[in-house]
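The chain contents come next:
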Amino acid sequence: MTLLSTIENKRCLVTGGAGFIGSHLVDRLLNQGAGVTVVDDLSLGRTANLAHHLGNPRFSLVTGSVTDSRLLADLVVEHQVIFHLAAVVGVKHVLDDPLNTLHVNVEGTRVVLMEAFKHQTRTVVVSSSEVYGKSRHIPFSESDDLVLGPSSAPRWSYAVSKLYGEHLAMALAPQGLPVTIVRYFNAYGPRLAGDGYGSVVAKFIVQALTGQPLTVHDDGCQKRGFTYVADTVAGTQAAALSDRAVGRVYNIGSQEHVRIVDLAQTILDLTGSKSKIIHVPARSVFGPNFEDINLRGADGTRASQELGFTAQIPIHQGLAQTISWFKDQGY
Ligand SMILES: NC(=O)c1ccc[n+]([C@@H]2O[C@H](COP(=O)([O-])OP(=O)(O)OC[C@H]3O[C@@H](n4cnc5c(N)ncnc54)[C@H](O)[C@@H]3O)[C@@H](O)[C@H]2O)c1
């Protein structure tokens, strides 16, 4: 079993590295002297997110699917660290095609973890705060019970697919796989997809910059621990470098819990937009079986104590940087 003290000169495989969070992780790893291979099928990710690395000899991009076991066998053997981020993500993508969500997130994770297991490669599996479901124990702590809704509500297929990956990792860890699970909480920042498919932050910024009303679901009192992406990837790297983290789960999220309606107002203030805030029933957008979560906030105690990780970027600062990026994209 190979554990790590530094990321410098390590060969890292980042699945889903052309996506929003994955591309920021790639930036961080390359900046710290690692070699990075990205495997991404470009279904949701974009080459543009990695364009600035294409000439770098320490970087390569492989277009392919994590469900392709032959491809993954070839890739895993050449790397010392795996960051597994590839997934179908975002409520709307999940509701549009729950079958594909289950296939990619379950089968892709199985392929990655079983290849990692063969070589006992240091691996970080990315999970989600969605797995806490409707838990009323706030903020969510890693040892809490997970409270999911019925299988007739397709949104839970994403949480179940992520939990499958967690359980597989937990089953392989005692068999020698040095694996850690990180649960992300509402990451936001530059390179969010502007279609607002997965992120309320992106949706509101685009609405504000294009003079459309900001569409808040229901009363907007739902709270989220919005986490600037630089913090998300710092926590991810910290998990890979900690020996203590093997076989453990960590929340990677901000402790600042913001109401959706306040997020909308802050974005209006920061953009100077004259757009109005309007309220729409979430079920009119996502269908009659949709179940929303009132508060999704991380208890960061374990990540702080064991990884030395605490989110650093205040929401105003992160939003200002994100808005600036969207403006640079022509919004
Ligand atoms: N964005 C968040 O707030 C958030 C919250 C919790 C968990 N996560 C997790 O973080 C990870 C990254 O999410 P993101 O927000 O960057 O989303 P994203 O959609 O930008 O990134 C996912 C990437 O995976 C790629 N991908 C999808 N199917 C693939 C396949 N079969 N083979 C190879 N690549 C494939 C996509 O093309 C994309 O580049 C995911 O595992 C997601 O579940 C994200």
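Note that residues are indexed from 1 along each chain, following the sequence as it is written. Residue-level local features of this predicted model are given only where pLDDT is at least 70; pairs of side-chain atoms are given and counted only at 80 or more, and the full residue set underlies all totals for whole chains, interfaces and linings. To obtain the side-chain values, all non-hydrogen atoms of the structure were used and water was disregarded.

Peer 1: Please give an account of the overall build of the protein chain that cites residues and values.
Peer 2: Here a strand is any run of E in DSSP of at least two residues, a helix any run of H or I of at least four, and the numbering for each starts at the N terminus. Helix and strand counts for the protein chain stand at 11 helices and 14 strands. The C-alpha atoms of the protein chain give a radius of gyration of 19 Å, which matches the 20 Å a tight globule of 331 residues would have. Along the longest, intermediate and shortest principal axes, the C-alpha atoms of the protein chain span 55 × 45 × 35 Å. Counting the 331 residues in the protein chain, one finds 55% classified as buried. Sequence separation of at least 24 residues holds for 80% of the intrachain contacts in the protein chain that already meet a minimum separation of 6. We get accessible surface area from the Shrake-Rupley algorithm with a probe of 1.4 Å; when it comes to residues, only the shown protein chains can shield them. Summing over all exposed atoms, the protein chain offers an accessible surface of approximately 13600 Å²; the carbon and sulfur share of this is 50%. Each radius of gyration reported is based on C-alpha atoms, and the globular scaling rule is 2.2 Å times the count of residues to the power 0.38. Exposed residues in this analysis have more than 50% of their type's maximum accessible area, buried residues have under 20%, and partly exposed residues fall in between, with area computed by a 1.4 Å probe over protein chains only. Should any heavy atoms of two residues lie within 4.5 Å, those residues are considered in contact.

Peer 1: Account for helix H4 (residues 98-119), with residues named and values stated.
Peer 2: Given the number of residues in a helix, its expected span is that number minus one, multiplied by 1.5 Å. If you check H4, its first and last C-alpha atoms are 32 Å apart, about what 22 residues at 1.5 Å a residue would give, namely 32 Å. Taken residue by residue, H4 has Thr101, Val104, Asn105, Gly108, Thr109, Val111, Val112, Leu113, Glu115 and Ala116 as its buried positions. Positive backbone phi, approximately 50°, marks Gln120, located one or two places after H4.

Peer 1: Could you give an account of unusual backbone geometry, with specific residues and numbers?
Peer 2: Residue Ile138 is joined to Pro139 through a cis peptide bond whose omega torsion reads -5°. For Pro139, the position within the fold is in the loop between strand S5 (122-128) and helix H5 (156-172). Located in the positive-phi region is Leu42, a residue other than glycine, with phi close to 60°. Even without glycine at this site, Arg191 takes up a positive phi of about 80°.

Peer 1: If you had to explain helix H7 (residues 229-241) to someone new, which residues and values would you point to?
Peer 2: When the terminal C-alpha atoms of H7 are compared, their 19 Å separation across 13 residues agrees well with the 18 Å that a helix rising 1.5 Å per residue should span. Taken across its 13 residues, H7 has 11 buried, putting it largely inside the fold. When H7 is considered as a whole, its buried residues turn out to be Val229, Asp231, Thr232, Val233, Ala234, Gly235, Thr236, Gln237, Ala238, Ala239 and Ala240.

Peer 1: Tell me about the site of the ligand, and name the residues and values.
Peer 2: Asp40, Leu85, Tyr158, Lys162 and Ala187 are the nearest of the 27 residues found near the ligand. What qualifies as a polar contact is a pair of N or O atoms within 3.5 Å, subject to a donor-acceptor requirement within protein and to the restriction that residues adjacent in sequence count only when both atoms come from side chains. Between Ile21 and the ligand, the recorded distance is 2.8 Å, taken from a backbone N or O atom to an oxygen atom. Burial of the ligand by the surrounding chains reaches 92%, relative to a free accessible area of 820 Å². Where the shell around the ligand is concerned, the elements lending two or more residues are helix H1 (20-31), S5 and H5. One heavy atom within 4 Å of a molecule or strand makes the whole residue count as near it.

Peer 1: Tell me about the side chain of Thr227, and name the residues and values.
Peer 2: Topologically, Thr227 is positioned in strand S10 (residues 227-228). Of the polar contacts made by the side chain of Thr227, one reaches the backbone nitrogen of Ser254; its length is 2.9 Å.

Peer 1: Please set out the environment of Ala173 residue by residue, giving values where relevant.
Peer 2: Positionally, Ala173 belongs in the loop between H5 and strand S6 (179-184). Judged by relative accessible area, Ala173 falls into the buried class, the value being 16%. Residues Ala173 and Gln120, 53 residues apart in the sequence, show an inter-C-alpha distance of 9.5 Å. Here Ala173 is in contact with Val179 and Gly247, once residues within four sequence places are set aside.

Peer 1: Describe in detail the layout of surface pockets, supporting the description with residues and values.
Peer 2: Buriedness for pockets is judged along seven lines, at least five of which must meet protein on both sides within 12 Å for an open set on the 1 Å grid over protein atoms alone, while cavities are sets there where a 1.4 Å probe fits but cannot get out, and lining residues have an atom within 4 Å of a point. Grid points are joined across faces, edges and corners, and a volume is the space filled by probe spheres set on the points. The calculated volume of the second largest pocket comes to roughly 180 Å³. The nonpolar class holds Ala, Val, Leu, Ile, Met, Phe, Trp, Tyr, Cys and Pro. Asp, Glu, Lys and Arg form the charged class, and all remaining residues, Gly among them, are polar. Of the residues contributing to the lining of the second largest pocket, the split by class is 3 nonpolar, 2 polar and 3 charged.

Peer 1: For the packing of helix H6 (residues 200-209) against helix H11 (residues 315-328), give the residues involved together with the corresponding values.
Peer 2: As a rule, the C-alpha atoms of each element are fitted with a line to give its axis, helices using only the stretch in contact, and angles between N-to-C directions run from 0 to 180 degrees. One way to put it is that H6 packs onto H11 with a least axis distance of 11 Å and a crossing angle of 55°. Compared by their axis directions, H6 and H11 come out oblique. Considering the relative orientation of H6 and H11, their crossing is right-handed. Between H6 and H11, the residues in contact are Val201, Ala202, Ile205, Val206 and Leu209 and Leu319, Thr322, Ile323, Phe326 and Lys327, respectively. Taken together, the residues of the contact of H6 with H11 sort by class into 8 nonpolar, 1 polar and 1 charged. For classification purposes, an angle smaller than 35 degrees is called roughly parallel, one larger than 145 roughly antiparallel, one from 65 to 115 roughly perpendicular, and anything else oblique. We call a crossing left-handed when the near helix sits turned anticlockwise from the far one by less than a right angle, and right-handed when that turn is clockwise.

Peer 1: So, the side chain of Thr121: which residues are in play, and what are the values?
Peer 2: Locating Thr121 in the fold gives a position in the loop between H4 and S5. Beyond its immediate chain neighbours, meaning those up to four positions away, Thr121 contacts Val76, His79, Gln80, Val81, Ile82, Ala116, Leu177 and Pro178.

Peer 1: Describe the sheet that holds strand S9 (residues 223-224), listing the residues and the values that go with them.
Peer 2: At least two DSSP bridges between two strands are needed for those strands to be called paired. Overall, mixed pairing links the 3 strands, which are arranged S12-S9-S14 in an open sheet. The strands lining the two open edges of the sheet, one partner per strand, are strand S12 (258-259) and strand S14 (295-296). Bridge count for S9 against S14 is 2 bridges, and the pairing is parallel. Across the sheet, the residue bridging to Arg224 is Arg296, located in S14.

Nothing here speaks to function; it is all geometry.
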